[in-house]
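Listed here are the chains, written in short residue letters.
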Amino acid sequence: DAKTTQPNSMESNEEEPVHLPCNHSTISGTDYIHWYRQLPSQGPEYVIHGLTSNVNNRMASLAIAEDRKSSTLILHRATLRDAAVYYCILRDYGGATNKLIFGTGTLLAVQP
Amino acid sequence: KAGVTQTPRYLIKTRGQQVTLSCSPISGHRSVSWYQQTPGQGLQFLFEYFSETQRNKGNFPGRFSGRQFSNSRSEMNVSTLELGDSALYLCASSLATTGSNSPLHFGNGTRLTVT
């Protein structure tokens, strides 16, 4: 399974944009890039996913490098509620499985 | 729409006992997977079920088992509990397993403490 690398922790100020990076240099052509986050005392929550093009939804934006070896999750205006561990995960769309391989993720702290 | 429901929320057991955890997926979701989360190992995949069949299994000993019922509800069982089994056990449901485009929806877990 292809691996991802993320910084252990990041800090942001409330109402400022946050850019969470993820490296996935061994990504294969059939891997989607998924992001989940885990708020304290909760299970992980799906955030966004993409294959090649940049993606936007109500929660965040996903910017994918042209060579797909890296991506960035963008929170446009961080709130205190966005403090969580963010996981970048690769999922093979050709595989019939919901097995997710979680790394250690990035712990995002948001300061008021 | 109700989310993924896991019961019980907290559980305390003694070494050597066995435990059964329950998961009710989102209505209409046929895929259920289980994960163990510990401070040392992070989130690790246990197994997944689709239409009552186990489709994939993680690298855990045979003491960990599961099953899925015809209504998609799932249970996991851990026998002969060890101290190291203390963890947050998370269940996730999804519409399907094909295409890897169906997001997983996680419950808030069962916190198991083994003493």
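Residues numbered from 1 in each chain as written. Chains lettered and ligands numbered in written order. Predicted model: local features only at pLDDT ≥ 70, side-chain atom pairs only at ≥ 80, totals over all residues. Heavy atoms only, no water.

*Asks:* Is there a simple way to think about the state of the cysteines in this case?
*Replies:* Note on terminology: a disulfide is the covalent bond linking the sulfur atoms of two cysteines. Tallied over the entire structure, the rule returns two disulfides over all chains. Note on cysteine connectivity: Cys22(A) is disulfide-linked to Cys88(A), with sulfurs 2.1 Å apart. Judged by the sign of its S-S torsion, about -85°, the cystine formed by Cys22(A) and Cys88(A) is left-handed. In this pair, Cys22(A) sits in strand S2 (residues 18–23) while Cys88(A) sits in strand S8 (residues 84–92), placing the two residues 66 residues apart along the sequence. A disulfide bridge connects Cys23(B) with Cys91(B), and the sulfur atoms are separated by 1.8 Å. (Disulfide = S-S within 2.5 Å. Helix = DSSP H or I, 4+ residues; strand = E, 2+ residues; numbered from the N terminus.)

*Asks:* Before we go on, may I ask you to explain the side chain of Glu75(B) in this structure?
*Replies:* Residue and element names in this part refer to chain B. With respect to the helices and strands, Glu-75 occurs in strand S8 (residues 74–78). Under the relative-accessibility criterion, Glu-75 is labelled buried at 17%. A polar side-chain atom of Glu-75 sits 3.4 Å from a polar atom in the side chain of Arg-73. Apart from residues no more than four positions distant in its own chain, Glu-75 is found in contact with Thr-20, Leu-21, Ser-22, Trp-34, Ser-65, Gly-66, Arg-67 and Phe-69. (Buried < 20%, exposed > 50% of the residue type's maximum accessible area, 1.4 Å probe, protein only. Polar contact = N/O pair within 3.5 Å; in protein donor to acceptor, adjacent residues only side chain to side chain. Contact = heavy atoms within 4.5 Å.)

*Asks:* I keep staring at the pairing of strand S4 (residues 31–38) of chain B and nothing clicks. Help me out?
*Replies:* Taken residue by residue, a regular strand's side chains alternate between the two faces of the sheet. Residues and elements named next belong to chain B. Extensive coverage of S4 is indicated by the burial of eight of its eight residues. In terms of strand pairing, S4 meets strand S5 (residues 42–50) through eight bridges, oriented antiparallel. Bridged to Thr-38 within S5 is Gly-42. Taking the residues that link successive antiparallel strands as the turn, the S4-S5 hairpin has three residues. Where S4 meets strand S9 (residues 87–94), seven bridges bridge the pair, whose relative direction is antiparallel. Within S9, the position partnered with Ser-31 by the bridge is Ser-94. (Pairing = 2+ DSSP bridges.)

*Asks:* Just to check I follow, could you spell out the sheet that holds S2(A) for this structure?
*Replies:* Backbone-to-backbone hydrogen bonds pair the strands of a sheet. The strands run either parallel or antiparallel. Reading across from one edge, S2-S7-S6-S5 (chain A) is the order of the four strands in this open sheet, with antiparallel pairing throughout. In this open sheet, the two strands that pair with only one neighbour each are S2 and strand S5 (55–56) of chain A.

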